[in-house]
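Observations on the three-dimensional arrangement
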Amino acid sequence: MTDPPPGAGHRRRGAVAVGPLATAALTLLGAVLSMELWKANLGVPLRYTQVDDSKFYFMLVKGIIDHGWYQTNANLGAPFGARLYDFPQGADNLNFLLIKGLGLVTSSWAVVTNLFFLLTFPLTGLAAYYALRRLEVSPAAACVCSVLFSLLPYHFYRQESQLLLSAYYSVPLTGYLFIALVSGRPVFASRPDAGRRALALVSGRSVLSVLTCVVIGSAGLYYAGFAIVLLLAATIVAVVGGRGRSALASGAVVCLVVGATLVFNLAPSIRYGLEHGANTAIVRTPIESEQLGLRLSNLLLPVQGDRIPGLTKVSGNYAAKTSPGYCESCNAGLGVVGSGGFIVLCLVGLSALVGVAGVAGARRAWQARLRPAALGAAVAFGIGTTGGVSALIAYFVTPDLRGWNRLSLFIAFFSFLAVGTLLDGARRRVGRRAAAGAGGGAAAGRTAVRRGLGWAIVLVVVLGLGATEETSNFYLVSYSAAARSYHADQAFGRVIEASMPRGSSIFELPYVPFPEGYHVAGVPTTATTGFATSYELLRPYLNTTGLDFSFAAVKGRPTDWESALSAKPLNLAVAGAAAAGFSGIYVDPRGYGPQASRVGEWLRQLVGAAPLASSLANAWFVDLRPYAAALDASASPAAIAGLRQATLHPLQAACGPNPAVLELTNPGRAPARASFSATLQNTVPGQLPVEITFPGGASEERTVYASKPTMLERRLVIPPGTSTVTFRTLATPKVKAGPAVSVAVSGANLTDAAFARFRSFRTIRGRTPPLTGLVAPSCSVQYEATVPPL
């Protein structure tokens, strides 16, 4: 054997590196061009003006930079601090490690967020390139398909509003493992030189597969959950298809490693739930899996705002007619190239079914190679589609994996695998024909040059067409508006910092549940207040240092003391906040909608000075210290201490497990005097007598009407722990339709007697103060009774 020429090894390694480098460069170039990033400032968050989930992720990034990790944050949820264990993000620990690494370079959360988001493009492209090359797609075709996979509409729709979902680089790794299991490719291998020793299984292939599983289990709850479901399906198919025990063992190990990694990452949240009980305020329901399911039409329709003439408005019109309002699945398109690959997979699957049925026909090699991918796309679609396997998983296993339309990414990977395989097949066929007709010598050389040039043109056309059609101006945001709003908040943050001593606590208004705001509680806040998922109260935290804020105490936990103030008038809430040690009030006036001017006037009357306003008038600030001093002078220390206790450890009224019961909770050790109020209304025509039984056994009867609400008010003594208010209908009204009668009890509220002493402190005579927050029904208690139809 002759030695290779000098430098040959370096040339081979250089050639191997060209594909990944080109993929990373092209994905970044595609992101820059598609998002017109030359108009943006990387020191400003890209989606700062949008009222979506962006600021939640900004909070996580800033928390990691300021406190080292994201699960607790002493600057939020004052005075107890925020704990995010109930809203688990641990499945993204690998992404958080990347964010932490970027935070070592710069302390700007905006820069770190933008850099991480941009990093998701090459990471996704490189993962897809790796998987496609392992599946024997040529470097050039793998590069093109990987770039298109990283530029899916899904990526631009998520952006920074769902920052961690934008990091879908684990999806191609799952796609590779699925095909390897189904097609009998070795996932694990033993070292032949290790004999019978335990190290025999520690081969390069085995280590790489385990690391792949660890990445999948650490790069997103949805992607890891989907991976387990798909890999279980692949294992079952492989065993049924006769792959034997090796397929069963490989599939079991892969699922076990992904699952164990996921459990390890979620261990802090699991442990917190076991110690503190389940948080019933943060729940998913099976119906959400149906609402966020996958639809074939959304996969194949053009991207919203498509650049190709004639296709620009197709998806928008379709979404408006079939999914008015929020339509996540409307952004799950595969693009024109990906759709072509998907259609090919459908044809391959159908041809395989025809072959099984006994119809004669030649089986081409490329069809055999694509059958596992066709099976993967079919399984992913069968699981994720509305009314599919996902509905059964949501009902019988867990509803937490509700966004099943996100399985479109797995279908996209299998579809681009089909595109890459077809491109390579076409190149080989053209090459064989050209070689057969070229003969030898100079003619063969010219033919090879023309063939290479033609192949390059084909790849450029596919890449250009795909990238142009997948991306659109529909996903562009106004960078100038983001910069204007961001800089205004920064300037206002400096004003607040200058007026408050370091370590001061700021009370935020209006009350907004955290996480996810009011939209899950049934209050239509978007149209009336401008709030959607309501993370806007994070703005002062994001733009200050050294101050603590009341927002972001997780709902459903005792630390969410502010929820008890939401139904109370503003003057009582301000008194309670001052007694609790808050030095200032931050207000987002958009949260009050048309009541904003009333809130501003009341604050001016209460504190004796007009609130400071930001330059865009979308934030107010009030120095509460003069008011707190006057409050302290107006009452005894014992009364102030009682008000502080009643504010930070409030009495609560919530829905009980029985639909005809309200649960009243007293967190103290002694009975508490309180005023109870609620609204009762009959949901069917007519009137209905209702018996209400209170703690201690006292009861009263009320007639509840359908035409107007009945106000229920009573003074109670609430014992420590949990007690109940029960409702029972005393008659069955005659109604023309419907098999049931309901008495809705909403707005249930307990006001501790400690507040009574301060009802008249700095009030405006003859005027009703606005409420502290946007009050969702604390419970909608319904009593069902059979009604004989007339």
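Worth saying up front: this structure is predicted, and the values here are computed from it rather than measured.

Some words on the overall build of the chain
A tally of helices and strands in the chain yields 25 helices and 15 strands. Looking at the 790 residues of the chain, the share that counts as buried comes to 52%. Across the chain, every contact between residues at least 6 apart in sequence was considered, and the portion connecting residues at least 24 apart equals 80%. For the chain, the accessible area works out to roughly 34100 Å², and carbon and sulfur atoms hold 62% of it.

Remarks on the environment of leucine 84
Looking at the secondary structure, you find leucine 84 in the loop between strand S2 (82-83) and helix H3 (93-103). Separated by 469 residues in sequence, leucine 84 and alanine 553 place their C-alpha atoms 8.6 Å apart. The residues contacting leucine 84, other than those within four sequence positions of it, are Met59, Leu60, Tyr70, Gln71, Phe514 and Val554.

What about the sheet that holds strand S3 (residues 505-509)?
Judged by pairing direction, the sheet is mixed, and its 5 strands sit side by side in the order S4-S3-S5-S7-S6 without closing on themselves. Two strands in the sheet have a free side with no partner beyond their single neighbour: strand S4 (548-549) and strand S6 (612-613). Here S6 pairs with strand S7 (residues 620-623) via 2 bridges, running antiparallel. Paired with leucine 612 across the strands is phenylalanine 621, a residue of S7. Across the face of the sheet, helix H19 (residues 479-499) comes into contact with strand S5 (584-587), S6 and S7 while running at roughly 5 degrees to S7. The strands touched by helix H23 (residues 596-607) are S5 and S7; relative to S7, the strand with the most contacts, the crossing angle is about 15 degrees.

Examining the environment of leucine 334
With respect to the helices and strands, leucine 334 occurs in the loop between helix H13 (314-322) and helix H14 (335-356). In this structure the C-alpha to C-alpha distance between leucine 334 and proline 302, which are 32 residues apart in sequence, comes to 8.1 Å. The contacts of leucine 334, once residues within four sequence positions are left out, are Leu152, Leu299, Ser339, Phe342, Ser408, Ile411, Ala412, Ser415, Phe416 and Glu470.

Some words on the pairing of S7
Of the pairings in the sheet, the one linking S5 to S7 comprises 4 bridges and is antiparallel in character. Bridge assignment links isoleucine 585 to a residue of S7, and that residue is valine 622.

Some words on the side chain of aspartate 86
One can find aspartate 86 in the loop between S2 and H3. In this structure the side chain of aspartate 86 is engaged in a polar contact, spanning 3.0 Å, whose partner is the side chain of asparagine 279.

Considerations on H3
Taken together, the buried positions of H3 are occupied by Asn93, Asn95, Phe96, Ile99 and Leu102. Each buried residue of H3 sits inside an arc of 170 degrees when the element is viewed along its axis, so together they form one side. Close packing links the buried residues of H3 with helix H2 (54-67), helix H4 (109-134) and helix H10 (245-276).

Structural notes on the sheet that holds strand S9 (residues 661-666)
Spatially, S8-S9-S14-S11-S12 is the arrangement adopted by the 5 strands of the open sheet, whose pairing is antiparallel. The sheet is open, and its two borders are formed by strand S8 (652-655) and strand S12 (699-705), each paired with just one other strand. With strand direction ignored, the average angle separating the axes of adjacent strands in the sheet is 25 degrees. Bridge analysis of strand S11 (residues 687-693) against strand S14 (residues 721-729) gives 4 bridges, and the strand direction is antiparallel. Paired with glutamate 691 across the two strands is arginine 728, which belongs to S14.

Focus on the packing of helix H8 (residues 204-217) against H10
Contact geometry for H8 and H10: axes closest at 8 Å, N-to-C directions at 40 degrees. The pairing of H8 with H10 is recorded here as oblique in orientation. Remark: the crossing between H8 and H10 carries right-handed chirality. Across from Val210, Cys213, Val214, Ile216 and Gly217 in H8, the residues of H10 making contact are Val254, Val257, Val258, Thr261, Leu262 and Asn265. Looking at the contact of H8 with H10, its residues break down into 8 nonpolar, 3 polar and no charged.

Details of the packing of helix H22 (residues 570-579) against helix H25 (residues 637-648)
The contact between H22 and H25 brings their axes to 8 Å, and the two run at 105 degrees. With respect to each other, H22 and H25 are oriented roughly perpendicular. On the side of H22, the interface is formed by Ala575, Gly576, Ala577 and Ala579, while H25 contributes Ile640, Leu643, Arg644 and Thr647.

A closer look at the nonpolar core
Core analysis: the biggest nonpolar cluster contains 146 residues, and Met59, Phe149, Phe178, Phe414 and Phe514 have the highest contact counts within it. Residues in contact with phenylalanine 414, not counting those within four places in the same chain, are Gly175, Phe178, Ile179, Leu345, Ala373, Gly376 and Ala377. Counting 39 residues, the second-largest nonpolar core is a separate cluster that includes Trp561, Leu572, Ala579 and Phe758.

Structural notes on the pairing of S9
The sheet contact formed by S8 and S9 spans 4 bridges and is antiparallel. Its bridge partner being in S9, alanine 653 is matched across the sheet by leucine 664. Across 6 bridges, S9 lies against S14 in antiparallel orientation. In the sheet register, glutamate 663 faces S14, and the bridge partner there is threonine 724.

Examining H23
In this model, H23 (12 residues) spans 17 Å end to end at C-alpha, consistent with the 16 Å of a helix rising 1.5 Å per residue. Listing the buried residues of H23 in full gives Ala596, Val599, Gly600, Trp602, Leu603, Leu606 and Val607. With its buried residues spanning 165 degrees around the axis, H23 presents them on a single face. Of the surrounding elements, those touching the buried residues of H23 are H22, S5, S7 and helix H24 (625-634). Count one or two residues on from H23 and you reach glycine 608, which has phi positive near 85 degrees.

Some words on the confidence of the model for the chain
Here the chain averages 84 in pLDDT, while 86% of its residues score no lower than 70. Here residues 520-531 is modelled with pLDDT under 50, and outside its nearest four sequence neighbours on either side it reaches 26 contacts, counting other chains as well.

Some details on a nonpolar patch on the surface
Together, Leu296, Leu300, Ile343, Leu347, Leu350 and Leu353 make up a nonpolar patch on the protein surface, roughly 560 Å² of accessible area in all. Of all elements in the fold, only helix H12 (296-300) and H14 reach the threshold of two or more residues within the nonpolar patch. Here the element with the most residues in the nonpolar patch is H14; it accounts for 4 residues. Relative to the helices and strands, isoleucine 343 is located in helix H14.

Things to note about the side chain of lysine 568
By the element assignment, lysine 568 lies in the loop between S4 and H22. For the buried lysine 568, which has no salt bridge, the nearest side chain bearing the opposite charge is aspartate 752, at an N-O separation of 8.6 Å. Polar side-chain contacts of lysine 568 include one of 3.0 Å to the backbone oxygen of leucine 750. For lysine 568, the contacting residues outside a window of four places in its chain are Asn749, Leu750, Thr751, Phe755, Pro770, Leu771 and Thr772.

Some remarks on the environment of serine 534
With respect to the element layout, serine 534 can be found in the loop between helix H20 (525-529) and helix H21 (539-542). Classification of serine 534 by relative accessible area gives buried; the value is 1%. For the pair serine 534 and glycine 591, spaced 57 residues apart in sequence, the C-alpha to C-alpha distance is 8.7 Å. Not counting residues up to four positions away in its chain, the partners in contact with serine 534 are Val512, Gly517, Tyr518 and Phe551.

Criteria and cut-off values
- Residues numbered from 1 in each chain as written.
- Predicted model: local features only at pLDDT ≥ 70, side-chain atom pairs only at ≥ 80, totals over all residues.
- Heavy atoms only, no water.
- Helix = DSSP H or I, 4+ residues; strand = E, 2+ residues; numbered from the N terminus.
- Buried < 20%, exposed > 50% of the residue type's maximum accessible area, 1.4 Å probe, protein only.
- Contact = heavy atoms within 4.5 Å.
- Areas by Shrake-Rupley, 256 points an atom, 1.4 Å probe, with all protein chains shown as cover.
- Pairing = 2+ DSSP bridges.
- Axes fitted to C-alpha atoms, helices over the stretch in contact; angles between N-to-C directions.
- Polar contact = N/O pair within 3.5 Å; in protein donor to acceptor, adjacent residues only side chain to side chain.
- Arc of directions from axis to C-beta.
- Parallel < 35°, antiparallel > 145°, perpendicular 65-115°, else oblique.
- Left-handed = near helix turned anticlockwise from the far one by under 90°.
- Nonpolar A, V, L, I, M, F, W, Y, C, P; charged D, E, K, R; others polar.
- Core = buried A, V, L, I, M, F, W, Y, C linked by side-chain atoms within 4.5 Å.
- Expected span 1.5 Å × (residues − 1).
- pLDDT = per-residue confidence, 0-100.
- Patch = residues over 30% accessible without salt bridge, like charges linked within 9 Å, V, L, I, M, F, W, Y side chains within 5 Å.
- Salt bridge = Lys/Arg side-chain N within 4 Å of Asp/Glu carboxyl O.
- Lys, Arg positive; Asp, Glu negative; His and termini not counted.

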